[in-house]
Amino acid sequence: MLVVSEETCRKVVTRENAFTAIEGVFAAMAAGEACNFPVIREAIGNADALYGFKSGFDRKNGVLGLKSGGYWPGNEKRGLTNHQSTVFLFDPDTGRPHAMVGGNYLTAIRTAAASAVSIRHLARKDAKVLGMLGAGFQSAFQMRAAAEQRDFERVIGWNLHPEMLPRLAETAAELGLPFEPVSLDRLGAEADVIITITSSFEPILMRGQVKPGTHLACMGTDTKGKQEVDAELVAAATLFTDEVAQSASIGECQHAVAQGLIDKADITPVGAVVNGKHPGRTHDDEITLFDGTGVGLQDLAVAALAAEAARSAGLAAEIDL
Ligand code: NAD
């Protein structure tokens, strides 16, 4: 079995190869060649932790496995990341363990790749202003991946906790883009692409604030009850997701579905756009919204990439179980 460390993942998994892996697995899911299995997520009654599994099988690429981990709120005090995860891959022909791969960096890079895939396929080609709603750990990964998809001229951002805004300013500076903190009204009026990546349980951005033609990548809502944008805004947009079942139950679309504003059938897997089965954006004034809920197959895709790249670079340890 290969063992691939977090440090090695950072060396071998780049934004570019993660993008290709995520775009490919979204396409395989939409073509029915890859499927996610039901998610398990439990409060374990220890260290206030939420623990779970996300698993799946990508028949097209021969990738079988699971990501296990969750959220340990007390970790930061111990100098550890609160979100912890590890990916296990198995040989789909024999069930033998194939690799154990650190999942923390991979989670951030695959989540950023998902919104980048949506931007590449759905945002207006002439998008110039990137809007960031959220300034936590994930936001820097998101901004870097998005910046590669269009010729953005500037970044604007809003965050509930203004003391976190320097992260956005520093990331924009690293990308050579000017950054300005703005009100939500300005964010919606000026941004051509908006990424939402917060832990909010209430709508932050409202229907009336977003201009025609905007592409939204809503990436923070991955649990029942979370919400980043107004259900009316969801209902007004052309909707895309990684997986329809998750979008309607734990993703950003859950509230519009529950209120009867939209139906599951209104949500298209973004992989169908990648596969050329759906046209994606059809006019410049259309608001497109990608509901990135985060699926196990994304984790498996980047873990398989990490395992193969680490093996061929001689960076993976090998053990016999
Ligand atoms: P973080 O803790 O580093 O940052 C949290 C962000 O949310 C900050 O911008 C903070 O200001 C904001 N925030 C916190 N409480 C809020 C509230 N009540 N209202 C509005 N904003 C609030 O977290 P992170 O690692 O950057 O992750 C951000 C979110 O993305 C989390 O909700 C996480 O579960 C989610 N996530 C989703 C995926 C996916 O695949 N879709 C993957 C990873 C993380």
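See the structure shown above.
Now for a quick tour of the structure. Starting from 1, residues in each chain are numbered consecutively following that chain's sequence as written. For a predicted model such as this one, the threshold for reporting local features is a pLDDT of at least 70, and the threshold for listing and counting side-chain atom pairs is 80 or more; totals across whole chains, interfaces and linings nevertheless cover every residue. Side-chain numbers here rest on the full set of heavy atoms in the structure, without hydrogens or water.

1. Concerning the nonpolar core
Step number 1: Ranked by size, the top nonpolar core spans 65 residues in total, and within it F26, V101, L106, L130 and I195 carry the most contacts.
Step number 2: Comment: elements are numbered from the N terminus, with helices defined as DSSP H or I runs of at least four residues and strands as E runs of at least two. Top element by residues in this core is helix 3 (residues 104–122). It accounts for eleven residues.
Step number 3: As annotated, the domain borders come from an automatic or database domain assignment. Residue contributions to this core reach at least three from each of two domains, namely domain 1 (2–107 + 297–318) and domain 2 (124–294).
Step number 4: Not counting residues up to four positions away in its chain, the partners in contact with V101 are V4, C9, T86, V87, L106, A303 and A306.
Step number 5: As used in this record, nonpolar core signifies buried Ala, Val, Leu, Ile, Met, Phe, Trp, Tyr and Cys residues forming a set joined through side-chain atoms within 4.5 Å. Partly exposed residues are those whose accessible area sits between 20% and 50% of the maximum for their type, while under 20% is buried and over 50% is exposed, using a 1.4 Å probe and protein chains only. Counting 26 residues, the second-largest nonpolar core is a separate cluster that includes V182, I204, V229 and I262. By definition in these notes, contact holds between two residues if any of their heavy atoms fall within 4.5 Å.

2. Quick notes on the site of the ligand
Step number 1: We call a residue near a molecule or strand as soon as one heavy atom of that residue lies within 4 Å of the molecule or strand. In the neighbourhood of the ligand, 23 residues make up the surrounding shell, with R110, F137, N159, H161 and K226 lying closest.
Step number 2: Contact between the ligand and S199: an oxygen atom at 3.1 Å from a main-chain N or O atom of the residue.
Step number 3: Interatomic distance of 2.8 Å between a backbone N/O atom of G292 and a nitrogen atom of the ligand.
Step number 4: Bound to the protein, the ligand loses 82% of the 850 Å² it would expose on its own.
Step number 5: Among the cavities detected, the one that contains the ligand is the largest pocket.
Step number 6: If you list the elements that add at least two residues to the shell around the ligand, you get helix 3 and helix 4 (137–147). Think of a polar contact as two N or O atoms within 3.5 Å of one another; within protein, one of them needs to be a possible hydrogen donor and the other a possible acceptor, and neighboring residues in sequence only count if both atoms come from side chains. Here the open area of atoms and residues is found with the Shrake-Rupley method and a 1.4 Å probe, where only the protein chains shown may cover a residue. Lining residues are those with an atom within 4 Å of a point, where the points come from a 1 Å grid over the protein atoms alone and group into cavities, where a 1.4 Å probe fits but cannot get out, or pockets, open sets with protein on both sides within 12 Å along at least five of seven lines. Criterion for pocket placement: a molecule counts as inside a cavity or pocket if more than half of its atoms are within 2 Å of its grid points.

3. A look at the side chain of D192
Step number 1: With respect to the element layout, D192 can be found in the loop between helix 6 (184–190) and strand 11 (193–196).
Step number 2: Of note is the side chain of D192, whose polar atom sits 2.8 Å from the backbone nitrogen of K128.
Step number 3: Those residues in contact with D192 that sit more than four places away from it in its chain are A127, K128, V129, K211, G213, T214 and H215.

Note that all results are geometric; they support no functional claim without further evidence.
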